[in-house]
Amino acid sequence: MSLIQEKVQSARDFFASGKTLDITFRQEQLQKLYDALQKRLPEVEAALKADLNKSPFEGYLTETSIVLGEIRHMKSHLASWAKPRRVPAAMNQLPARVRLHPEPYGVCLVMSPWNYPVQLTLVPVVCALAAGNTVVVKPSIYSPESSHFIRSLLEESLEPGLVSVIEGGREENQGLLHERFDYIFFTGSPRVAHVVMESAAKNLTPMTLELGGKSPVIVEESADLKLAAKRLAFGKLCNAGQTCVAPDHVYVQRSVKEAFLQEFKASFGSVTQDPAYFRDMFPRIINEKHFERLLGYLEGQNVLMGGQSWPDRLQIAPTILDEAPEDSPVMQEEIFGPIMPVIAYDDFGELIARQKQKEKPLALYHFTNNPEHEAKVVRELSYGGGCVNDTLLHIISPHSPFGGVGRSGMGQYHGRYGFETFSHLKTVLKKGAFGDLALRYPPFKEKNLSFLKKLLH
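Since the model is a prediction, treat every value here as computed from it, not as a measurement.

**Details of the packing of helix 2 (residues 23–39) against helix 6 (residues 144–157)**
Working step 1: Running from amino to carboxyl end, helix 2 crosses helix 6 at an angle of 135 degrees, the nearest separation of the two axes being 9 Å. In terms of orientation, helix 2 and helix 6 fall into the oblique class. Helix 6 is crossed by helix 2, and the crossing has right-handed handedness. Where helix 2 abuts helix 6, its residues Lys32, Leu33, Ala36 and Leu37 lie against Phe149, Leu153, Leu154 and Ser157.
Working step 2: Split into classes, the residues belonging to the contact of helix 2 with helix 6 amount to six nonpolar, one polar and one charged.

Rendered as structure tokens:
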């Protein structure tokens, strides 16, 4: 038996023991994870610094604080969410009581990415544990220090078999996908998602896919341009643009394009004004492959600002591209880096019509003070989620769901939505002997049909 098979079997044996069905047990395990993470914050900082050059502030803001908040929210609401919920019985069920019983799927596989290796690993794990599952975790090989930390954190703070971590690369991914799981939660690229979904289909395994795509920004002349520039710079420069919901490109109304660019240059270039800050605190590109991919996007483009790169430390200066052609690689592929194409538009209706023809993005950001245009975007465009007059912040609350649509993903999580993603709602009808209508039993009589139609309608 291979290591992967041993880990999966251990998770299956633990689930079969029935321990995870106890709500108190789940709450205790969540508290243990919370306490362990709090105690080991310096290790989180060191891992994120080693893998991505993240500063302690950015690491806590975008990773650790979100995990801790999710655990607190989940732990405090878990008992009420896990209770059977009574729902009305239909007319043809009466007299009866119908309840929905949330039950765990069983053994879940969580496959996480490298860009937010702590948050995007632990939040799905927290949701799965709260729902009563056992979990096998596969973190990314591209963020090795974070992967080592996650393995140590989970396997040392929780009961053996409840959560197991498999480190490694493609071979380990393939080995895990050959195993049968009761639920798969994958965060990553659409390319890899095809492989994961194909493997899941062989066993009809339900799954959630959290992917990405080209998340557009619309800046109208009615917007506060200075505020828009600051908040767009925040959204794009967070993790050096290596964020699945990062603003990918900007469509700005032509009448205010130059004014917007002046503000955007000032905000977007602020991190490079202090060379020491940029070197020591600005996140780096994860590896040489992605570094070269990003530099390739600059070829043949009109670079308004930035474009400098430092191969020895895998950093790229925040870069603005002017009027990148729609058929160029930078406008066809998800950028996932600190490069921002800015393109002018003239007619708002035409812009919305063109966006409808594209793949549904994971996020959309709209800077406007025009209520009619705001309503039109929300009503007519399909996207995973987004902000009006801000960026990124829609994803961090445990009170609202995060997830994609179309090629940007399927399913959602965070808070109660995460609990329900990892739960099967089992319908149970309880019926007594009273009120047992004879007409429900064969042989059916034609004369009863009219009575049945009147009863049910």
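**Remarks on the pattern of salt bridges**
Working step 1: In this structure the tally under the stated criterion is 21 salt bridges.
Working step 2: As a salt-bridge pair, Glu159 and Lys19 come within 2.6 Å of each other at their nearest N and O atoms. Here Glu159, found in the loop between helix 6 and strand 5 (163–165), pairs with Lys19, found in the loop between helix 1 (3–16) and helix 2; they are 140 residues apart in sequence, far enough to count as distant.
Working step 3: For Lys19, a relative accessible area of 35% puts it in the partly exposed group.
Working step 4: A salt bridge links Glu167 to Arg151; its shortest N-O distance comes to 3.5 Å. Taken together, the residues span a long stretch of sequence, with Glu167 in the loop between strand 5 and helix 7 (170–177) and Arg151 in helix 6 at a distance of 16 residues.
Working step 5: The class for Glu167 is partly exposed, based on a relative accessible area of 22%.

**A look at the environment of Arg72**
Working step 1: Note on placement: Arg72 falls in helix 4 (residues 56–82).
Working step 2: It is 8.1 Å that separates the C-alpha atoms of Arg72 and Tyr34, two residues lying 38 residues apart in sequence.

**Looking at the packing of helix 2 against helix 3 (residues 41–52)**
Working step 1: At a minimum axis distance of 4 Å, the contact between helix 2 and helix 3 shows a crossing angle of 65 degrees. On the basis of the axis angle, helix 2 is roughly perpendicular to helix 3. When helix 2 is examined against helix 3, the residues Leu37, Gln38 and Lys39 are found in contact with a partner set consisting of Leu41, Pro42 and Val44.
Working step 2: Considered class by class, the residues forming the contact of helix 2 with helix 3 number four nonpolar, one polar and one charged.

**Thoughts on the side chain of Ser408**
Working step 1: Summarising the element assignment, Ser408 is placed in the loop between strand 16 (385–388) and strand 17 (409–410).
Working step 2: A polar contact of 3.4 Å, which involves the side chain of Ser408, links it to the backbone oxygen of Lys360.
Working step 3: Looking at Ser408, its side chain comes within polar contact range of the main-chain oxygen of Val405, at 2.7 Å.
Working step 4: Apart from the residues lying within four places of it in its own chain, the contact partners of Ser408 are Glu210, Leu211, Gly212, Lys360, Pro361 and Leu362.

**With respect to unusual backbone geometry**
Working step 1: Looking along the chain, the bond that leaves Leu94 and enters Pro95 is cis, with omega of -10 degrees.
Working step 2: Note that Pro95 resides in the loop between strand 1 (85–87) and strand 2 (97–104).
Working step 3: Residue Pro443 follows Pro442 across a cis peptide bond; omega there is 0 degrees.
Working step 4: Tracing the chain through its elements places Pro443 in the loop between strand 18 (423–430) and helix 17 (447–456).
Working step 5: For His414, which is not glycine, the phi dihedral falls at a positive 95 degrees.

**Some details on the sheet that holds strand 4 (residues 134–138)**
Working step 1: The strand order 5-4-3-6-7-17 describes an open sheet built from six strands, whose pairing is mixed. Edge positions in the sheet fall to strand 5 and strand 17, since each of these pairs with one other strand and no more.
Working step 2: The pairing of strand 3 (residues 107–111) with strand 6 (residues 183–187) spans four bridges and is classified as parallel. Bridge pairing links Leu109 to Ile184 in strand 6.
Working step 3: Along the sheet face, helix 1 touches strand 3, strand 4 and strand 5 and points at about 160 degrees away from the line of strand 4.

**Here we look at the nonpolar core**
Working step 1: The biggest cluster of nonpolar side chains holds 106 residues, and the ones touching the most others in it are Leu154, Val219, Phe260 and Phe264.
Working step 2: Among the elements that take part in this core, helix 5 (residues 119–130) stands out by supplying nine residues, more than any other.
Working step 3: Setting aside anything within four residues of it in sequence, one finds Phe264 in contact with Ala229, Leu232, Ala233, Gly269, Ile320, Met340 and Val342.
Working step 4: With 19 residues, the next largest nonpolar core counts Leu109, Ile184, Leu209 and Leu211 among its residues.

**Focus on helix 9 (residues 225–237)**
Working note: α-helix, 3.6 residues per turn, so residues spaced by three or four point in the same direction.
Working step 1: Between the first and last C-alpha of helix 9 there are 18 Å, a value that for 13 residues agrees with the 18 Å anticipated at 1.5 Å per step.
Working step 2: Restricting attention to buried positions, one finds in helix 9 the residues Leu225, Ala228, Ala229, Leu232, Ala233, Gly235, Lys236 and Leu237.
Working step 3: Where helix 9 is buried, its residues meet strand 8 (216–219), strand 9 (249–253), helix 10 (257–268), strand 14 (339–345) and strand 15 (363–367).
Working step 4: You can read the cap of helix 9 off the contacts: a side-chain oxygen lies 3.3 Å from the backbone nitrogen of Lys226, and it is on Asp224.
Working step 5: Phi for Asn239, located one or two positions after helix 9, is positive at around 55 degrees.

Each value, and the rule that gives it
Residues numbered from 1 in each chain as written. Predicted model: local features only at pLDDT ≥ 70, side-chain atom pairs only at ≥ 80, totals over all residues. Heavy atoms only, no water. Axes fitted to C-alpha atoms, helices over the stretch in contact; angles between N-to-C directions. Helix = DSSP H or I, 4+ residues; strand = E, 2+ residues; numbered from the N terminus. Parallel < 35°, antiparallel > 145°, perpendicular 65-115°, else oblique. Left-handed = near helix turned anticlockwise from the far one by under 90°. Contact = heavy atoms within 4.5 Å. Nonpolar A, V, L, I, M, F, W, Y, C, P; charged D, E, K, R; others polar. Salt bridge = Lys/Arg side-chain N within 4 Å of Asp/Glu carboxyl O. Buried < 20%, exposed > 50% of the residue type's maximum accessible area, 1.4 Å probe, protein only. Polar contact = N/O pair within 3.5 Å; in protein donor to acceptor, adjacent residues only side chain to side chain. Pairing = 2+ DSSP bridges. Core = buried A, V, L, I, M, F, W, Y, C linked by side-chain atoms within 4.5 Å. Expected span 1.5 Å × (residues − 1).

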